[in-house]
Structure formats: C-alpha cells, structure tokens
Amino acid sequence: MALLEVRDLVVGYGPHPVLHGVSLDIEAGETCVLFGLNGAGKTTTVSAIAGLLAPSSGTITFDGQPIAGRPAAALVASGISLSPEGRRVFARLTVEQNLQLGGWVRRKDAAVARTQRQLVFDYFPRLAERGDQVAGTLSGGEQQMLAIGRALMSQPRLLLVDEASLGLSPTVARTVFEVMDRINDDGTTVLIVEQNAGVLPYADRVLIMEKGTLVFTGVGDEIRDADLRSTYLGA
Ligand SMILES: Nc1ncnc2c1ncn2[C@@H]1O[C@H](COP(=O)(O)OP(=O)(O)OP(=O)(O)O)[C@@H](O)[C@H]1O
Ligand SMILES: [Mg+2]
C-alpha cells in the first residue's frame, strides 16, 4: 500500500471539473515530481490532497485512511503539509512568527517545536540569521525557504511543495532542490510541483499532467515520447 493513493479524482471550482479522474500513488520515502504547463491542474491536485478543495468524486487515501473532503487543519495534524504556490508567507509577521504558526497543530508539544525549528534552521541557515525580520522584506528565495520551513514545522510525513523554484535564480533553485533532497533523505515523503527540469535528478518518480489528466507516470528516463520530452524536459 502506498502512503498516498489517489483514485479517479474529480475536482472543479464550479460545475465544470478541472481534474478529470486523476489516479496516482506516492510511496513512502520517495520524491515525486508533478510537471505540467500552466493551467494543467497541478495546484488543484495538491490543494485537494491537502484538504483545501473538496473533490466531487474519487478517493484519497493517506496511510490507509480515507481523507478526501477532510478539513485541511485535520490533515496537517495527520501529517500532510503544503507549501503553497506563490510563497504565501505571512508578510507582516516575522520569520519566527511564521514558523510558530506552521507548528500550530503541534503547539502542545514544545519538544517537537524545538526539534522542527532546529531542523528548519539546519536546512536553511539563512532563516536562522533572520528570525526577527518581517517576512515581507525577505528576498524571493528566502521567502520560498520560509514557506517550506513553515510547512516543515508540523513535522509532516508527506510534504507538498507547489512551485518550488518558480521565479528563483538557477543557483537558489538548486539550493532549494538540494534541501528538498535532504528533507527526503531524512525520511519525509515529498511531492514537488515543478516546471523546471532541473529537479529531475532528485526525482524518484515523475508525473506529467495535461488538462486535468495524468499523461505520464514513471521515472524520468522512461519518457520516450518526443513531445513530452521537448515540452517538459527541454530535450
Ligand atoms: N479558484 C478558481 N476558480 C475557478 N477556476 C479555477 C480556480 N483555480 C484554478 N482554476 C482553473 O483550474 C484550472 C487548473 O488550475 P491550476 O491552478 O490547478 O493549474 P496549475 O497546473 O497549477 O497551473 P500553474 O502552473 O499556472 O500554477 C485552470 O483552468 C484554472 O483557471
Ligand atoms: Mg499552480
């Protein structure tokens, strides 16, 4: 049994579905990358997994439990955490306060909060130097680090990162990918939404979505289709 099993997921924002029956598995311990062009449905997929959108049909199973339609806060407590698209940090709050809010569901366990904060500072030493800085004044790369760090504060088993590298310089993007790789090595299962093929060396598995449907699932090397290669891998 995979850690996350999605079956025949249909999700939309009104009467018209955006996801047309998506099925995918994420195995415990892997790094999975979801590629797709703008509007393909990637954010819709991770939002449904994180409990921010209720599916109109289909199932989502996490660690053997059905979770589709459960509220996001309950899912954070169960171990699913999302770093949202657009690095939505709380701009008027400090780095420390952002991290504290990320750990809200574990707030009664001071030891977890301490361990996770230390871990976040280990992964992103830049954040440690900027605890009192107001998040809105961080650079784009630092805000992305904070968004991921905040998501880690709840000690997730499955970390979803929507658009890990969008708008970042190649150097900062690589730093983020390398840290994602460490997070995965340290035992967290990871799903990264990306449009940058630079993430491929870190991916155990690749999913490609087109118009609300998965058109490829496998390891990157198996992508034989020339159109898929040129569209998503720049090769
Ligand atoms: N709140 C919303 N209300 C109505 N339609 C929406 C809403 N959010 C997304 N959509 C539509 O759903 C489709 C999929 O959007 P989604 O954000 O999931 O794509 P995406 O793959 O994440 O794209 P991007 O790479 O641009 O982030 C798009 O056609 C979009 O216009
Ligand atoms: Mg998106």
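Residues numbered from 1 in each chain as written. Chains lettered and ligands numbered in written order. Predicted model: local features only at pLDDT ≥ 70, side-chain atom pairs only at ≥ 80, totals over all residues. Heavy atoms only, no water.

Some thoughts on helix α1 (residues 42-49)
Next, step 1: Here α1 lies mainly inside the structure; 7 of its 8 residues are buried.
Next, step 2: Within α1, the full set of buried residues consists of Lys42, Thr44, Thr45, Val46, Ser47, Ala48 and Ile49.
Next, step 3: Immediately downstream of α1, the backbone of Gly51 shows phi near 85 degrees, a positive value. (Buried < 20%, exposed > 50% of the residue type's maximum accessible area, 1.4 Å probe, protein only. Helix = DSSP H or I, 4+ residues; strand = E, 2+ residues; numbered from the N terminus.)

Details of unusual backbone geometry
Leaving glycine out, the prevailing phi sign among residues is negative, and the prevailing peptide bond configuration is trans.
Next, step 1: Despite not being glycine, Asp8 shows a phi value in the positive range, around 50 degrees.
Next, step 2: Structurally, the position occupied by Asp8 is in strand β1 (residues 4-12).
Next, step 3: Located in the positive-phi region is Gln155, a residue other than glycine, with phi close to 55 degrees.
Next, step 4: With respect to the element layout, Gln155 can be found in the loop between α6 (140-152) and β7 (158-162).
Next, step 5: For Gln155, a relative accessible area of 35% translates into the label partly exposed.

Thoughts on the pattern of salt bridges
Side chains that differ in sign of charge can pair as their charged atoms come close.
Next, step 1: Counting across every chain of the model gives 6 salt bridges.
Next, step 2: In this structure, Arg157 engages Asp63 in a salt bridge whose closest nitrogen and oxygen atoms are separated by 3.0 Å. Taken together, the residues Arg157 in the loop between α6 and β7 and Asp63 in the loop between β4 (57-62) and β5 (65-66) connect sequence positions 94 residues apart.
Next, step 3: According to the relative accessible area criterion, Asp63 is partly exposed, its value standing at 36%. (Salt bridge = Lys/Arg side-chain N within 4 Å of Asp/Glu carboxyl O.)

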